[in-house]
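Per-entry structural report
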There are 2 protein chains.
Amino acid sequence: MFEKIALVGIGLIGSSIAHGVRRHGLARSIAIATRRQETLDEAEALGLGDSYTTSAAEAVRGADLVILCTPVGAYGAVMAEIGPALEPGAILSDVGSVKAHVVKVVAPHLPEGVHFIPGHPIAGTEHSGPSAGFADLFINRWCVLTPGADADPKAVDRLVTFWQALGSRVECMSPDHHDLVLAITSHVPHLIAYNIVGTVADLEQDTRSEVIKFSASGFRDFTRIAASDPVMWRDVFLTNRDAVLEMLGRFLEDLSRLQRAVRVGDGPAMEELFTRTRAIRRSIITAGQETSAPDFGRLQGSPAKPEATDKGSA
Amino acid sequence: MFEKIALVGIGLIGSSIAHGVRRHGLARSIAIATRRQETLDEAEALGLGDSYTTSAAEAVRGADLVILCTPVGAYGAVMAEIGPALEPGAILSDVGSVKAHVVKVVAPHLPEGVHFIPGHPIAGTEHSGPSAGFADLFINRWCVLTPGADADPKAVDRLVTFWQALGSRVECMSPDHHDLVLAITSHVPHLIAYNIVGTVADLEQDTRSEVIKFSASGFRDFTRIAASDPVMWRDVFLTNRDAVLEMLGRFLEDLSRLQRAVRVGDGPAMEELFTRTRAIRRSIITAGQETSAPDFGRLQGSPAKPEATDKGSA
């Protein structure tokens, strides 16, 4: 499909793309660029690409598909470096979790003739780094593209076909709409999960130990999301502020009402809400976006095995 | 271990106890009582017990272990009915998620010579009803007992051994301490999950469809908890109000600070918090209370199969 794909940044998403491109034969060669030598060595040891460099400009030279896979906060610096090295006719895309900000930051560095089509594969795990990736990550998951009004339809088609080849379902929408939908499906849930795990981290030592011990009662679900990459998520909240604050405002209004229901002991109001929310999960299972197995299919009865090293947390 | 175990209420926990008692041969007979004939028929069709009745008093007659497995809100009525039928020397326990309230409600109905030892197996799934239970549910999970200061040590030992035989680790503490720890590990996380899923349920139809579609970005984790049994959870919030409001207050203070960090764009504060929270998940994995597999071990690459019927939502 492509002669040379350049991946700038090689964390969970970048390495998963590399695995998928290799498995499905989507490019003659894969060039990998990342700033830190240590991460690059890790990517090379894993055999993720065909060439490895700490120079993003070198990686993108001659590439007909370039995908930015760094945290969004690094895009400005990366674009300043690679802008002059991008080939006319090449497709430039990314995998960032916010889109309006990305368009604003990338545009000034975009040379004539390069097709910029922002993207966001809605897939991931709580692990990060080059070793966290796997080819199956995108299967049955959505990838949102936000091409501009003046985007070349042929280039868009090529990128759609690329993501479909990786197993994704693809949908196009405007950057602003993407950012609003993701604020409620992703950004605010992450903010809340980080917050409650932070509240626990601040508890007195004794209570904290007990919370960890008895975490299987619900709290541990939140810790998965709150174990996501800190720099990536910092950048999300720095660059999608308005939509996040809007959706967080709605959440807080509703929480005030629910807090009051607890205080005054309004059983019927609680039961009504708790019944309504059950239906939402059923919709997600019906939409094929979640397993119907109890407890996410966590292996019941098989004690979770403590591990000495957590491979994912690079 | 016991001659006759009476299970009053036969939802997820009651039916899981029945499976475990049968598998490990912990009683000569199991009597099952539940108020609704339909639920009783379901339990009988599943072969969960040796006798079935809609009369709790009849079930507990001659039982040397009685376990209340109804929602906590029903305990008062159940105790008024079974109190006169309880055998001297019998152990009376329960599986409710709150403990101080349970002690208060049960005590007035307790006949002389019956050993009341409240309990709470910290285990469950988002499914409910007699068909949701399985014998492995308690394996490697904690069961908290809150015996009073005057409890008979031999009776406590028997109940500890019973739960250990079901696979649990057992810990004793005071009812008030239990309620405070569970408020933060379980009750507040459920409240927050119910709340955010409710916020989504209130969105305009178009946006709501998209949230369901793109839920795999984080939101769907919350929907699992928010799919838990509505009546059981209503009763938790009606009966552990003070501890829930205390912990919710801490959560809200922290969320105000985080909201401000988003508004003013305080990147370092966010990164610091997001890094700290990652460590909490590692502690839970090390404590053997969680899988280290990415994404809870949800089957990556195996598309979740939409199901026509959701067995669990009875």
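Predicted model only: the values in this text are computed from it and were never measured.

A few words on the domain arrangement of chain A. Residues and elements named next belong to chain A. The domain boundaries assigned to chain A delineate domain 1 (2-173) and domain 2 (177-265). Measuring from the centre of the C-alpha atoms in domain 1 to the corresponding centre in domain 2 gives 29 Å. Both sides together, the interface formed by domain 1 and domain 2 hides about 1,300 Å², and carbon and sulfur atoms give 65% of it. Three residues stand out in domain 1 for area buried against domain 2, namely Ser97, Val98 and Glu126, and they jointly supply 41% of the buried area on that side. For Arg224, the salt bridge goes to Glu126, with nearest N and O atoms at 3.1 Å. The tally of links from domain 1 across to domain 2 stands at six residue pairs in polar contact (both at pLDDT 80 or more).

All chains considered together, the criterion is met by 16 aromatic pairs over all chains. The interplanar angle of 0° and the centroid separation of 4.3 Å between the aromatic rings of A:Phe296 and B:Phe296 together place this pair among those described as stacked. With one member in each of two chains, A:Phe296 in the segment after helix 12 (267-286) and B:Phe296 in the segment after helix 12 (267-286) form a pair that bridges those chains. In terms of burial, A:Phe296 and B:Phe296 fall into one category: buried. Seen in terms of ring centroids, B:Trp233 and B:Phe237 are 5.9 Å apart; in terms of plane orientation they differ by 40°. Their pairing is tilted. Linking B:Trp233 with B:Phe237, this pair stays in helix 10 (residues 230-239), spanning four residues, or about one helical turn. Residue B:Trp233 is classed as buried on the basis of its relative accessible area, which comes to 4%. Judged by its relative accessible area of 0%, B:Phe237 falls in the buried class. Aromatic rings pair up to connect A:Phe2, A:Phe138, A:Phe162 and A:Trp163 into one cluster.

This part is about the relation of the copies chain A and chain B. Of the two same-sequence chains, chain A is brought onto chain B (RMSD 0.0 Å, axial shift 0.0 Å) by a rotation of 180°. Such a combination of rotation and displacement between the chain copies is what one expects of a two-fold axis. Taken together, the interface assignments show that 98% of the residues at the interface of chain A recur at the interface of chain B, consistent with an identical surface on both copies.

Before going further, it helps to examine the interface of chain A and chain B. Taken residue by residue, the interface counts 120 residues in chain A and 118 residues in chain B. Both faces considered, chain A and chain B share a buried interface measuring about 11,200 Å² in area, 66% of it formed by carbon and sulfur atoms. Considering only the surface of chain A that becomes buried against chain B, A:Phe214, A:Phe274 and A:Arg278 emerge as the three largest contributors, covering 7% of it. Between the two partners, chain A and chain B, sit 18 salt bridges. For B:Glu126, the salt bridge is made with A:Arg281, and the minimal N-O distance between the two is 3.9 Å. Counting across the chain A and chain B interface gives 44 residue pairs in polar contact (both at pLDDT 80 or more). Those elements giving two or more residues to the side of chain A that touches chain B turn out to be strand 8 (142-145), helix 7 (175-201), helix 8 (205-213), helix 9 (219-225), helix 10 (230-239), helix 11 (241-264) and helix 12 of chain A. If you tally residues by element for the side of chain A that touches chain B, the top one is helix 7 of chain A, at 20 residues. Considered class by class, the residues forming the side of chain A that touches chain B number 58 nonpolar, 31 polar and 31 charged.

All names here are of chain B. With the rule as written, the count across this model stands at 44 salt bridges over all chains. For Arg28, the salt bridge identified is with Glu3, shortest N-O distance 2.9 Å. You can see Arg28 sitting in strand 2 (residues 27-33) and its partner Glu3 sitting in strand 1 (residues 2-8), a full 25 residues away along the chain. Residue Arg28 is classed as exposed on the basis of its relative accessible area, which comes to 66%. Owing to a relative accessible area of 42%, Glu3 belongs among the partly exposed residues under this scheme. A salt bridge links Lys99 to Asp94, with the shortest nitrogen-to-oxygen separation between them at 3.1 Å. Considered together, Lys99 and Asp94 belong to a single accessibility category, that of buried residues.

What counts and what doesn't
- Residues numbered from 1 in each chain as written.
- Chains lettered and ligands numbered in written order.
- Predicted model: local features only at pLDDT ≥ 70, side-chain atom pairs only at ≥ 80, totals over all residues.
- Heavy atoms only, no water.
- Domains from an automatic or database assignment.
- Buried area = accessible area lost by both parts, 1.4 Å probe.
- Salt bridge = Lys/Arg side-chain N within 4 Å of Asp/Glu carboxyl O.
- Polar contact = N/O pair within 3.5 Å; in protein donor to acceptor, adjacent residues only side chain to side chain.
- Phe/Tyr/Trp six-rings, centres within 6.5 Å; stacked < 30°, edge-to-face > 60°.
- Helix = DSSP H or I, 4+ residues; strand = E, 2+ residues; numbered from the N terminus.
- Buried < 20%, exposed > 50% of the residue type's maximum accessible area, 1.4 Å probe, protein only.
- Least-squares fit on C-alpha atoms with pLDDT ≥ 70 in both.
- Contact = heavy atoms within 4.5 Å.
- Nonpolar A, V, L, I, M, F, W, Y, C, P; charged D, E, K, R; others polar.

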